[in-house]
Each structure stands twice: as C-alpha cells, then as structure tokens.
Amino acid sequence: MNTATLQAQDSAGLSAGTPLLLEIKDLYVHFDVYGGTLKVLDGVNFTVRSGEKVGLVGETGCGKTTTMKAILRILPMPPARIPGGEIYFKGQDILKMGEADLRRVRSEGISMIFQDPTAALNPVFTIGQQLEAVVKYSLEGKKLSRREIRERAIIPLREVALPDPERMLDSYPIQLSGGMRQRVCIAMALVASRELLIADEPGTSLDVTIQDQILRLLHRLVEEKNVSVILITHTLGVVRETTDRVYVMYAGNMVEAADTRELFARPMHPYTRGLMDAVPRLTGGGIAGGIRGRIPDYLDPPPGCRFHPRCDHAMDICRQEKPPFYRLSDNHEVACFLYRDGG
Amino acid sequence: MTTDILTVTNLKKYFVIGHSGILKRKPITVKAVDGVSFTVKEGETFGLVGESGSGKSTVAYTTIGMYRPTAGNISFRGQNLFEGNRTRPLALKKEIQIVFQDPGSSLNPRRNIRQILELPLRIHRPGDNRLEEIVRLLEMVELPPDYMHKYPQMLGGGEKQMVAIARALATEPSFIILDEPTSALDVSIQAKIINLLIRLQDEFHLSYLFITHDLSLMRNVASRVAIMYLGKICEVAEAAEFFRNPYHPYTQMLLSAIPVVSEEEEKLKPKKIISTGEIPSPVNIPSGCSFHLRCPKKMDICSEVDPVMVEVEEGHTVRCHLYGQP
Ligand SMILES: Nc1ncnc2c1ncn2[C@@H]1O[C@H](COP(=O)(O)OP(=O)(O)OP(=O)(O)O)[C@@H](O)[C@H]1O
Ligand SMILES: Nc1ncnc2c1ncn2[C@@H]1O[C@H](COP(=O)(O)OP(=O)(O)OP(=O)(O)O)[C@@H](O)[C@H]1O
Ligand code: SF4
Ligand SMILES: [Mg+2]
Ligand SMILES: [Mg+2]
C-alpha cells in the first residue's frame, strides 16, 4: 500500500497533509495474572507521520514499552491480551496481519532499540558474533565473505562513537561498561535501517557529548533516509531538543499531546506540570519533591481520570468520568476536565 | 574546620584483557583508571562526572575493595585501605558502603527484602534486634514495614533502589558511594530519592561520593565536582563555580551539550561545541593530553606532553596546557 495515499486525518489534525506512517486507535492491553487482570493500556491513541520524530514520556510503569511491544506484536500472549484497538502501519492493521506480513514489518518496516541492554545482548556470544548475525539477516540471502561481514559490522560501532570497534567485536557483553553495551544495541538497530525506528531509552547511561552525538545520528537518519523515530526517554531535555511532537502518558492513557516547543513552553496537564517540576535545573535551586503518591495498581485502577488520586485539582467529575482529549489549539491537546471550556 | 574523610592518591587500575603478538605474550591492558587523585571532605557530596567508560565505576569498586589498585593508594580517615595483602578489616568495611548503578541486578532475586537487609546486620551488628532494625531501616527509606516480605522482582525500579539504600545504611556507615543511583529511574522518582538521600545525609552526617553523568542533577546535589576523562581527572571545582566558570575544553563541551528543559537554562550554557572525532580507547590512550583528538583548542604541545594539574583559582584545579603549566 502506498503511504502517499494516506493523508493525516487523526483527531488533532496536526500539520495535516503529511502521510501517516503509524496510527494507534483506542488500544487496550490487559495482562491476566494471578489474582486478576492488569488493565494497563486504557484506550491509547497515537500517531506518527513519515519523517517525524515523536517523543513519548511518562513515569516508570505507565505503559510506554507495552505500547511499543504491541506495535511489534512481541507482547507475551498470555499473559497479555488485546481486548480492543487497531494499529495501522502504512494503512494495514498490524493486529490483523498474518505471519508473513508481520515478518516483513519486523524485518523491513520497524526496528526497535530495547531499553535494557543487558537483556538484549546474549552473554555467551561476543559482540561481533551477535552483530554479524544481524548483518547476515539484513542481507536477505546475498553472499558476503566473512571479512566483508566483519567490516560491515564495524561500521555501526563507529557511528555510535564506540572506541576501538575492533576490541568491541571480540568482547563479551560483560567486559563493556554499561554505556558501551547500550551503544552496541543502538548499533545493532542501525544495521538495518527501516521506516520506523523505536528507541526505548537510548543513551540513558551516556554522557551528554556522546548522547548528543547519537541523537545527531538519529537526526541524520531522519533527514537522509526519511526514517521516522519514536523516542522514549526519562530525560525530558533530550525530548525537548530532538523531537517534533511529544505525547505524555500516564497509567495507560495519553494525557497530553503537543508540538514539542509548545509542550515545554506551556505544559497544561497537572501530571505534565508535575513531571516538569521534578526535572533538576541547571539554574540550581535544589530539587522539587516529585509527584506525590504513585502509579495506580492496574488490578483495580481508579475510575474516571486515572490521575485523580494524585491530582491537586481533582473535581467531582474527575472521579466519575474519563476526560476526553480537549483541543487547546491546532497543535495542543490535553485530557483533563480543567480544560473542558477551552484553555 | 572540615576534615578529609577519603583521600585518593594517584590511583591506577589496569585490567589485562588478553594477549597479543605472535606468541600471545604481550598483554593487552585497559587503563581504566590512570592516576586519579581527589579528596572528599567530611559531610560533603563529592560529585564524579565523566563519559561512559571513563572509569567512574572502577574508582568506586576499588574504593569499596572489590578491586585492588594497580598502583596508588586510598586512605579513609588517614588509614590506608590497602595495607599489606590482608583483606579489609570488618570495621572498615562497615564504614564504606555502595549503592549500585543498576537496582535490578544488585539485589538477589531469591531473597526477600527481610533477608536482604538481614545479611549486613548479621555480619556487622550481631548484637542488635534484627527485626526491629529492619523495620527501622525500611522506615528510613519511607517504605512500609510489610515490604520486608516482598521479593525484589515485585518492586518497581525506584523501590528497589530504596531497598539498596536501606541495605547500605544497615551497617551504619559514614561514607556512601552512589554510583548513578537514579539514572535508570524517571524524574519523579529521582526527585524523591534525591530528597531522601539529602535528608539522610543531614540526619546521619554522611559523606557521599556521587557518580552521575547528569550535570543538571550534579548542579543541585554536589558541593564539589570532578570531571573524569579516559581514566584521568581533568578539572575539579566547587559546584556553583564549576558551572559559572568552566576552564577545561572538555568541561566546556560537556556543559554546552546538556539537554535542558527551559529557555532560562539555555542561556546559562556555553555556546554549543560540537563533539567530533573518534573517542579514544583506554587500551590505546593517545599521547600527550588524552583529550587532544577531540579538543577544539588543541595546540602543538598537546599531542606531545601530558599536562599536569594546576590550581587556577583557590579550590579550582585544571589539567590543560591552556592554563599556566609549571
Ligand atoms: N509480561 C507482563 N506481565 C505482567 N505485567 C506486565 C508485563 N509487562 C508489563 N506489565 C505491566 O505493565 C505496566 C506497564 O509497563 P511498561 O514496561 O510498559 O512501562 P514503561 O512505561 O515502559 O515503564 P519504564 O519507564 O519503567 O520502562 C507495568 O505495571 C508492568 O508491571
Ligand atoms: N572487569 C573488567 N575487565 C576488563 N575491562 C574492564 C573491566 N571493568 C571495566 N573495564 C573497562 O574499563 C573502562 C572503564 O569502565 P567503568 O565501568 O569504570 O566506566 P564508567 O565510567 O563507570 O562507565 P559507565 O558510565 O558506562 O558506567 C572501560 O573501558 C571498561 O571496558
Ligand atoms: S482530569 Fe481532574 S484529576 Fe485528572 S488531571 Fe485533570 S483535574 Fe486532575
Ligand atoms: Mg519501558
Ligand atoms: Mg559505571
């Protein structure tokens, strides 16, 4: 299916005209566990246009990785279950795809940098063995000599600014520092460049100059190869400096979506504001206390707005009804009853 | 007057990672830490910043005694930590504790929280009532007492880190190394943990060696900061001074790359210095100043002579040829 025929027409109508690459509609994900059902994703809506860099932020456990795994259909089923929703990739619903189409999406359409580099790397193989396997896989049958494969495997290691890539190839994961392991994972995702790159916490344990270098690399991918990127990170500053649009997620719901500049200049949702306040500032002045309370128990999530038990502005309606997205402007939506009469 | 609690002098830690040459006899050495000196004062938070692989954790692990130094020395309240070949006496082990970078893998998944906290109590404080003490430790890190029956995998990342902090507190230490205690956590939990650590520091008069790569966080927690690059320290200064007046080109590069969330902070940053060039490896450290390959202000002498530390202002030292080498 041709992407160009798919015009953006999501609810926000943000910068309409650019083709939609990914569109998640009203997605629910539940986990059946001992003691009941974890109702984690609770009607997620999310879109990515081609060539767009989208940020996704929110506290630990709010469902970011779960959403991404649903896209790749790599959630463990059981315990996971998808009671409702659609995930369109280039116009085709991933949730309804057969094995062959799905394999094509995973090998050509979408690649993902996983959050936990230790889990993503196999401890008993060297970095070289693992990277060469990815190179071979991406060749799709083309034959290369061992040396050529090794040479190809080194290129991405250089691109992610790893010191002597030769040593890296012959090292086992345990011999590398945390940040080096992470860059190896990023290198692996880069070997096969796709249409959509999902980066789940890339570079969290890197220093800012290298983080900067990797983010510029992502940027270049977008520019040169028109790759779209979903960037998940707890470092809000990175989101501000590298993405075009941001989604804020809380307890399985998208609670705010806006153009990046707009979101950082005018955060509206009480949850978004709480997150922003917790960020340590270069201007000094100590560290705020963080948002009071914690993420709800998904066995029995609060009714209405899932944030209401932690919210300083909660009203009666918040305890009963789930807030819909209110549009504040062309590029800013927020799911909170404080804005039901507009901004 | 403040006294020094930890003094690190010309510390070196090399790892042999293999052999090269036809007969495989020439050792290949990683110089993870290569001549590091600094002191931590009683009751302060000393920050150690540096890029991935610069040797921060290796400094930490050597300080708690997981590694023996290849050369150099660490002393704690004047006492050499590596005297002779003996293992470290219990009384010293009790004083220095660590909270690891990764909260997930530092707690044994087969032990519940009670057993995890019991272990250091049994070793270091045999006389005390353990159950009472476990409840008190959980209280200190703001976790309810019934958490003692939980297993690590039932806890969130932030809660695991709270348990790790409680475990470090169990021996009643005076010095705690915090190796990126919040880098795997979200900003809201980070804020809670940092506030907790600051409260505990006041309450028990603790000294911290705080390792992080988050300079904005460092700005808000550390009293003094040292920057590490490729196994060496390149600049040490008081935190506020450090951000106001960075001298070393690497420090300037770091500060200019900090991702920030507001325009006000943007104004504080030096003009962006793009980081280029290959990152050298600790196996093959460049001659002269090890930063010269990436340095925008490099001079001829930089590739030949390794600069020494000089004090440019009181309490502010830099290792760079731009600043009056002796
Ligand atoms: N396989 C599973 N079985 C049961 N529950 C699960 C499973 N995978 C995820 N969950 C639950 O789903 C919720 C959301 O988890 P998820 O990993 O998506 O969060 P996240 O936003 O990515 O958090 P983080 O920032 O820590 O990565 C959590 O409460 C988690 O316990
Ligand atoms: N046990 C070991 N054997 C061999 N090399 C090691 C060992 N431990 C560390 N190294 C090497 O020493 C260097 C410093 O590693 P270290 O873990 O101290 O860095 P770090 O500054 O803590 O990095 P990060 O920010 O990524 O945690 C790296 O090049 C690493 O590969
Ligand atoms: S909808 Fe109500 S409870 Fe939810 S964030 Fe807005 S004010 Fe707070
Ligand atoms: Mg995640
Ligand atoms: Mg480390």
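Remember, it's a predicted structure, so these values are computed and weren't measured experimentally. (Residues numbered from 1 in each chain as written. Chains lettered and ligands numbered in written order. Predicted model: local features only at pLDDT ≥ 70, side-chain atom pairs only at ≥ 80, totals over all residues. Heavy atoms only, no water.)

S.K.: Tell me what's going on with the overall build of chain A, and back it up with residues and numbers.
M.R.: Along its length, chain A carries 12 helices and 12 strands. Residue burial in chain A is summarised as follows: out of 343 residues, 56% are buried. Residue pairs at least 24 apart in sequence account for 63% of intrachain contacts in chain A once pairs closer than 6 positions are excluded. Carbon and sulfur atoms make up 50% of the accessible area of chain A, which totals about 14,600 Å². (Helix = DSSP H or I, 4+ residues; strand = E, 2+ residues; numbered from the N terminus. Buried < 20%, exposed > 50% of the residue type's maximum accessible area, 1.4 Å probe, protein only. Contact = heavy atoms within 4.5 Å. Areas by Shrake-Rupley, 256 points an atom, 1.4 Å probe, with all protein chains shown as cover.)

S.K.: Now, about the overall build of chain B: what can you tell me, with residues and values included?
M.R.: Looking only at helices and strands, one finds 10 helices and 12 strands in chain B. What you see for chain B is a C-alpha radius of gyration of 21 Å, in line with the 20 Å of a compact globule of 326 residues. In terms of overall dimensions, chain B has C-alpha extents of about 65 × 60 × 45 Å along its principal axes. Looking at chain B as a whole, 55% of its 326 residues are labelled buried. Considering only contacts within chain B whose residues lie at least 6 apart along the sequence, 62% involve residues at least 24 apart. Accessible area of chain B: about 13,900 Å², with a carbon and sulfur share of 51%. For chain B, the distance from the average site of its 38 positive side-chain charges to the average site of its 37 negative ones is 8 Å. (Rg over C-alpha atoms; globule rule 2.2 N^0.38 Å. Lys, Arg positive; Asp, Glu negative; His and termini not counted. Charge placed at Lys NZ, Arg CZ, Asp CG, Glu CD.)

S.K.: Tell me what's going on with helix 11 (residues 270-278) of chain A, and back it up with residues and numbers.
M.R.: Most of helix 11 of chain A sits out of view: 7 of its 9 residues are buried. Inspection of helix 11 of chain A places Pro 270, Tyr 271, Thr 272, Gly 274, Leu 275, Met 276 and Ala 278 of chain A among the buried residues, and these make up the whole buried set. If you follow the buried residues of helix 11 of chain A, they end up packed against helix 9 (236-242), strand 9 (245-250), strand 10 (253-259) and helix 10 (260-265) of chain A together with helix 6 (187-204) of chain B.

S.K.: Before we move on, can you summarise the pattern of salt bridges with the specific residues and values?
M.R.: Across all of its chains, the model carries 35 salt bridges over all chains by this definition. A salt bridge links Asp 170 of chain A to Arg 150 of chain A; its shortest N-O distance comes to 3.4 Å. Remark: Arg 150 of chain A occurs in helix 5 (residues 146-159) and Asp 170 of chain A occurs in the loop between helix 6 (165-169) and helix 7 (178-191); sequence separation between them is 20 residues. When its relative accessible area of 25% is taken as the criterion, Arg 150 of chain A is described as partly exposed. The residue Glu 133 of chain B makes a salt bridge to Arg 136 of chain B at a minimum N-O spacing of 2.9 Å. Of this pair, Glu 133 of chain B and Arg 136 of chain B both sit in helix 4 (residues 130-140), 3 residues apart, which is roughly one turn of that helix. Glu 133 of chain B gets classed as buried once you look at its relative accessible area, which sits at 9%. (Salt bridge = Lys/Arg side-chain N within 4 Å of Asp/Glu carboxyl O.)

S.K.: Provide a residue-level description of the interface of chain A and chain B, including the pertinent values.
M.R.: When the parts of a complex come together, some accessible area is lost, and that lost area is often taken as the interface size. Contacts between chain A and chain B engage 50 residues on the former and 54 residues on the latter. For the chain A and chain B pair, buried surface summed over both sides reaches about 4,200 Å², with 56% attributable to carbon and sulfur atoms. Between chain A and chain B we count 5 salt bridges in total. We note a salt bridge from Glu 263 of chain B to Arg 240 of chain A, for which the minimum N-O separation is 3.3 Å. Of all elements in the fold, only helix 7, helix 8 (208-225), helix 9, helix 10 and helix 11 of chain A reach the threshold of two or more residues within the side of chain A that touches chain B. The greatest single-element share of the side of chain A that touches chain B, amounting to 7 residues, is contributed by helix 8 of chain A. Broken down by class, the residue content of the side of chain A that touches chain B amounts to 17 nonpolar, 18 polar and 15 charged. (Buried area = accessible area lost by both parts, 1.4 Å probe. Nonpolar A, V, L, I, M, F, W, Y, C, P; charged D, E, K, R; others polar.)

S.K.: Quick one: what's the story with the site of ligand 2, residue by residue and with numbers?
M.R.: Contacts to ligand 2 come from 22 residues, most closely from Ser 52, Gly 53, Lys 56, Ser 57 and Thr 58 of chain B. Ser 57 of chain B has a polar side-chain atom sitting 2.8 Å from an oxygen atom of ligand 2. In isolation ligand 2 offers 640 Å² of accessible surface; the protein chains occlude 88% of this area. Elements supplying a minimum of two residues to the shell around ligand 2: helix 7 of chain A together with strand 1 (4-20), strand 2 (26-41) and helix 1 (56-64) of chain B. (Near = heavy atom within 4 Å. Polar contact = N/O pair within 3.5 Å; in protein donor to acceptor, adjacent residues only side chain to side chain.)

S.K.: Run through the packing of helix 3 (residues 113-124) of chain B against helix 5 (residues 157-169) of chain B, naming residues and quoting values.
M.R.: Residues and elements named next belong to chain B. Look at helix 3 against helix 5: their axes get within 8 Å of each other, and the N-to-C directions meet at 25°. As far as their axial angle goes, helix 5 and helix 3 are roughly parallel. The way helix 3 lies across helix 5 gives a crossing that is right-handed. Packed against helix 3, whose contacting residues are Ile 113, Ile 116, Leu 117 and Pro 120, the element helix 5 presents Val 163, Ala 166 and Arg 167 at the interface. (Axes fitted to C-alpha atoms, helices over the stretch in contact; angles between N-to-C directions. Parallel < 35°, antiparallel > 145°, perpendicular 65-115°, else oblique. Left-handed = near helix turned anticlockwise from the far one by under 90°.)

S.K.: Break down the state of the cysteines for me, citing the residues and quoting the values.
M.R.: All chains considered together, the criterion is met by 0 disulfides over all chains. No disulfide involves Cys 62 of chain A; its sulfur sits 14 Å from the nearest other cysteine sulfur, which is in Cys 305 of chain A. (Disulfide = S-S within 2.5 Å.)

S.K.: For the environment of Gly 47 of chain B, give the residues involved together with the corresponding values.
M.R.: Residue and element names in this part refer to chain B. On the secondary structure map, Gly 47 appears in strand 3 (residues 45-50). Residue Gly 47 is classed as buried on the basis of its relative accessible area of 0%. Between the C-alpha atom of Gly 47 and that of Val 312, which follows or precedes it by 265 residues, the distance is 20 Å. Once residues within four sequence positions are removed from consideration, Gly 47 is found in contact with Phe 210, Met 218, Ala 222, Arg 224, Val 225 and Ala 226.

So yeah, pure geometry; function would need other evidence.
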